[in-house]
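# Overview (structure and organization)
One letter stands for each residue in the lines below.
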Amino acid sequence: AATLDVIAGGRLDLGIGIIVSGMACAFIIWLAVTGYRRERERLRVAVEALTRSEDRFSNLFDLNPDAVFLFELETRQFRDVNAGFTRLTGWSRDDAAGRSAVDLGLWVNQDRRNLLFRMIQETRNVHGFRARFRKRGGEEFWGELSATVIDDSGRQLAIATTRDVTEQVQVEQAIAESRAQLMTLINSTDDLIWLVEPETF
């Protein structure tokens, strides 16, 4: 009888052990599945947020009326250009891809180009840089360029914008010429000339 009690007790302990082990395994599996589901949901939210961010960037890039372009700092080759770039220069996205501004003949003055790249490498941000550029058909224009260096998985890229400021430059030049002519006229006479406030004299 004692032997039977021991056997029955052993079977009971074994049964309880199996049940506890089974429950522990089920709990561990539940934790793993729950963690996986949470991680998958977190990843889904992150991917959606990244997609929305990329879509916003793409829209800003493509819909910007100014010429916007992305180029590699080391090779200076265009990675991407927008429709504004095509309107301004005459070169399409396919034309520009993998080529540099020198390849496309965009720069009129290479010294200005060299200065720009020195400034970009030294400061990583350039704003309001003016230079003369050449369109695909040969027509020249004044452009005002801004650029910022960004890191893309260890590769240095620059995103830049350029707008046509030819009319503004021409107006500024005309004003400067008028002032120079006025000063020449004033300095060439022996008459007394002075400037007064019209209301108070």
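Residues numbered from 1 in each chain as written. Predicted model: local features only at pLDDT ≥ 70, side-chain atom pairs only at ≥ 80, totals over all residues. Heavy atoms only, no water.

## Some details on the overall build of the protein
Tallying secondary structure elements over the protein gives six helices and five strands in all. When the helices and strands of the protein are placed in sequence order, the string is α-β-β-α-α-α-α-β-β-β-α. Among the 201 residues that make up the protein, the fraction classed as buried is 22%. When contacts within the protein are restricted to residue pairs at least 6 apart in sequence, long-range pairs at least 24 apart make up 37% of them. Accessible area for the protein stands at about 14,400 Å²; split by element, carbon and sulfur atoms hold 57% of it. (Helix = DSSP H or I, 4+ residues; strand = E, 2+ residues; numbered from the N terminus. Buried < 20%, exposed > 50% of the residue type's maximum accessible area, 1.4 Å probe, protein only. Contact = heavy atoms within 4.5 Å. Areas by Shrake-Rupley, 256 points an atom, 1.4 Å probe, with all protein chains shown as cover.)

## Examining the nonpolar core
Soluble, globular proteins show a tendency: their nonpolar side chains are buried together. In terms of nonpolar packing, the biggest core is built from 27 residues, with Phe 69, Phe 71, Phe 78, Phe 85 and Ile 120 touching the most fellow members. Looking at this core, the elements that each hand over two or more residues are strand S1 (67–72), strand S2 (78–81), helix H2 (83–89), helix H4 (101–104), helix H5 (110–123), strand S3 (125–134), strand S4 (140–152) and strand S5 (155–164). (Core = buried A, V, L, I, M, F, W, Y, C linked by side-chain atoms within 4.5 Å.)

## Thoughts on H5
For H5, with 14 residues, the first-to-last C-alpha span of 20 Å sits near the 20 Å given by 1.5 Å per residue. Of the residues making up H5, those classed as buried are Arg 113, Leu 116, Phe 117 and Ile 120. Mapping the buried residues of H5 onto a view down its axis gives an arc of 90°, with all of them on the same face. Opposite the packed face of H5, turned more than 90 degrees from it, sit the exposed residues Asp 111 and Glu 122. Where H5 is buried, its residues contact S1, H4, S3 and S4. Between the side-chain oxygen of the N-cap and the backbone nitrogen of Asp 111 there are 2.8 Å, and the N-cap of H5 in question is Asn 109. Positive backbone phi, approximately 65°, marks Arg 124, located one or two places after H5. (Expected span 1.5 Å × (residues − 1). Arc of directions from axis to C-beta. Polar contact = N/O pair within 3.5 Å; in protein donor to acceptor, adjacent residues only side chain to side chain.)

## Examining the packing of aromatic side chains
Using the criterion set out here, one finds seven aromatic pairs in the structure. Look at Phe 71 and Phe 117: their rings are 5.8 Å apart centre to centre, the planes differ by 80°, and that puts the pair in the edge-to-face class. Of the two residues, Phe 71 sits in strand S1 while Phe 117 sits in helix H5, which places them 46 residues apart along the sequence. Note on Phe 78 and Phe 85: the rings are 5.3 Å apart at their centroids and 65° apart in plane angle, and the pair reads as edge-to-face. In this pair, the class of Phe 78 matches that of Phe 85, namely buried. Over the ring of Phe 117 we find Arg 76, and its NZ or CZ is 3.9 Å from the ring centre. Directly above the aromatic system of Phe 141 lies the positively charged group of Lys 135, at a separation of 5.7 Å from the ring centroid. (Phe/Tyr/Trp six-rings, centres within 6.5 Å; stacked < 30°, edge-to-face > 60°. Lys NZ or Arg CZ within 6 Å of the ring centre and 35° of its normal.)

## Considering the pattern of salt bridges
As enumerated under the stated definition, the model contains ten salt bridges in all. Put simply, Glu 72 and Arg 155 hold a salt bridge, and the shortest N to O gap is 3.0 Å. Here Arg 155 lies in strand S5 and Glu 72 lies in strand S1, a separation of 83 residues in the sequence. Residue classification places Glu 72 among the buried residues on the basis of a relative accessible area of 15%. Using a relative accessible area of 43% as the deciding quantity, one classes Arg 155 as partly exposed. (Salt bridge = Lys/Arg side-chain N within 4 Å of Asp/Glu carboxyl O.)

## Re the confidence of the model for the protein
Segments scoring low in pLDDT should not have their predicted coordinates read at a detailed level. With 73% of its residues at a pLDDT of at least 70, the protein reaches an overall mean of 81. Across the protein, the secondary-structure element scoring lowest on mean pLDDT is helix H1 (residues 2–63), at 62, and the one scoring highest is S3, at 95. (pLDDT = per-residue confidence, 0-100.)

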